[in-house]
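Next come the chains, spelled out residue by residue.
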Amino acid sequence: MPVAGLGTRLLPATKSQPKEMLPVGRKPVVQYVFEELTAAGVTRILFVTGAGKTSLENHFDANEELVQLLRENGKEDLLDTLAFERAPVQYFYTRQRQALGLGHAVLAARAFVGDEPFVVALGDSIIGLNRQSDIVRRMREAIVERGAAAVVALEHVRREDVRYYGIASPRDGASDGVIELADLVEKPSSADTPSTLAIAARYVLSPAIFAALERTPAGVGGEIQLTDAIRRLMREGGRVYGMVLGPDERRFDIGNFDAYFRAFVEFALADPKHGPALRTFVEGLVQPPR
């Protein structure tokens, strides 16, 4: 899980805390990603961190003092909120010592991964409202069944927004919701885009990606782009597939304040305890009584 980004588009909120630790509803962003992965059967997670990410590491530590304090003060009902601490997961951490892009962050995981396919889940993107998505499980199955070099999650975006994303160029035909890709195009114009299917923050990659990353030159901003390395795999004969997110698997990209505010409001309104009262409050704000 790459979590080394500086989150500059969310300053000053991210000056002293990682953007992945910003709350969305009741939980920090990264906890939703963690719960999605563990629900898909992932039991070993490597966080590729950077400077200022200590609070993220602390969040996943077991805090026995806090548990004892809650028990002593009769607040056992709050213990359920810490259930994620008891997940059967091994945690690992490594530093991305230079901000050289997503591809560089993935390359930092080489010793951890070894010779097995692995998941890359961006730590600032939630898929589905309240863990409704099992896209990672389906992608893991697809890479094995199809002997693929990579499987990427895809989402439909507006044509005018394709310039912000890596966009898939599908081959003809699809089966079982899986599309073979002919190419990936980084941030095309709306006039030249091969589709409106954008890469959606989840990848399952074969270990062949590491050799491709080592041979991938730095691109825009001096960064090593993961998309470029996947394209190299395709040019060298590797098969790459896309899996389109379903209607209940919308991506919430916590990358700027507009997206963050919208995500927080939607998750808060969906809260079974506080959502109904919040909805009434918000409706009163936007439609004040006459």
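The sections below set out a description of the structure shown in this document. Worth saying up front: this structure is predicted, and the values here are computed from it rather than measured.

Moving on, we come to the layout of surface pockets. In this structure, the second largest pocket spans a volume of roughly 570 Å³. If you go around the second largest pocket, you meet 25 residues; those closest to its centre are Arg44, Phe112, Pro117, Phe118 and Val119. Broken down by secondary-structure element, the contributors of at least two residues to the lining of the second largest pocket are strand S3 (44–49), helix H4 (102–107), helix H5 (110–113), strand S5 (118–121) and helix H6 (135–145). The residue makeup of the lining of the second largest pocket, split by class, is 20 nonpolar, two polar and three charged.

Those residues of H6 that fall on the buried side of the exposure criterion are Ile135, Val136, Met139, Ala142 and Ile143. Viewed along the axis of H6, the buried residues span an arc of 120 degrees, placing them on a single side of the element. The exposed residues of H6 that point more than 90 degrees off its buried face are Val144 and Glu145. Buried residues along H6 sit in contact with helix H1 (29–39), S5, strand S6 (125–127), strand S7 (150–156), strand S10 (197–205) and strand S11 (240–244).

Before going further, it helps to examine the pattern of salt bridges. Pairing between side chains of opposite charge can happen when their charged atoms approach one another. According to the stated counting rule, one finds 19 salt bridges in the structure shown. Of the charged contacts in the structure, one is a salt bridge between Glu35 and Lys27, with a shortest N-O distance of 2.8 Å. Using a relative accessible area of 25% as the deciding quantity, one classes Lys27 as partly exposed. Notably, a salt bridge pairs Glu36 with Arg202, separated by 2.8 Å at the nearest N-O pair. Taken as a pair, Glu36 in helix H1 and Arg202 in strand S10 lie far apart in primary sequence, 166 residues in all. Judged by relative accessible area, which is 1%, Arg202 ranks as buried. One salt-bridge network, held together by shared partners, links Asp134, Arg137, Arg138, Glu141 and Glu249.

Definitions and limits used
- Residues numbered from 1 in each chain as written.
- Predicted model: local features only at pLDDT ≥ 70, side-chain atom pairs only at ≥ 80, totals over all residues.
- Heavy atoms only, no water.
- 1 Å grid on protein atoms, 1.4 Å probe; cavity = no way out; pocket = protein on both sides within 12 Å on 5 of 7 lines; lining within 4 Å.
- Points joined across faces, edges and corners; volume = space filled by probe spheres on them.
- Helix = DSSP H or I, 4+ residues; strand = E, 2+ residues; numbered from the N terminus.
- Nonpolar A, V, L, I, M, F, W, Y, C, P; charged D, E, K, R; others polar.
- Buried < 20%, exposed > 50% of the residue type's maximum accessible area, 1.4 Å probe, protein only.
- Arc of directions from axis to C-beta.
- Contact = heavy atoms within 4.5 Å.
- Salt bridge = Lys/Arg side-chain N within 4 Å of Asp/Glu carboxyl O.

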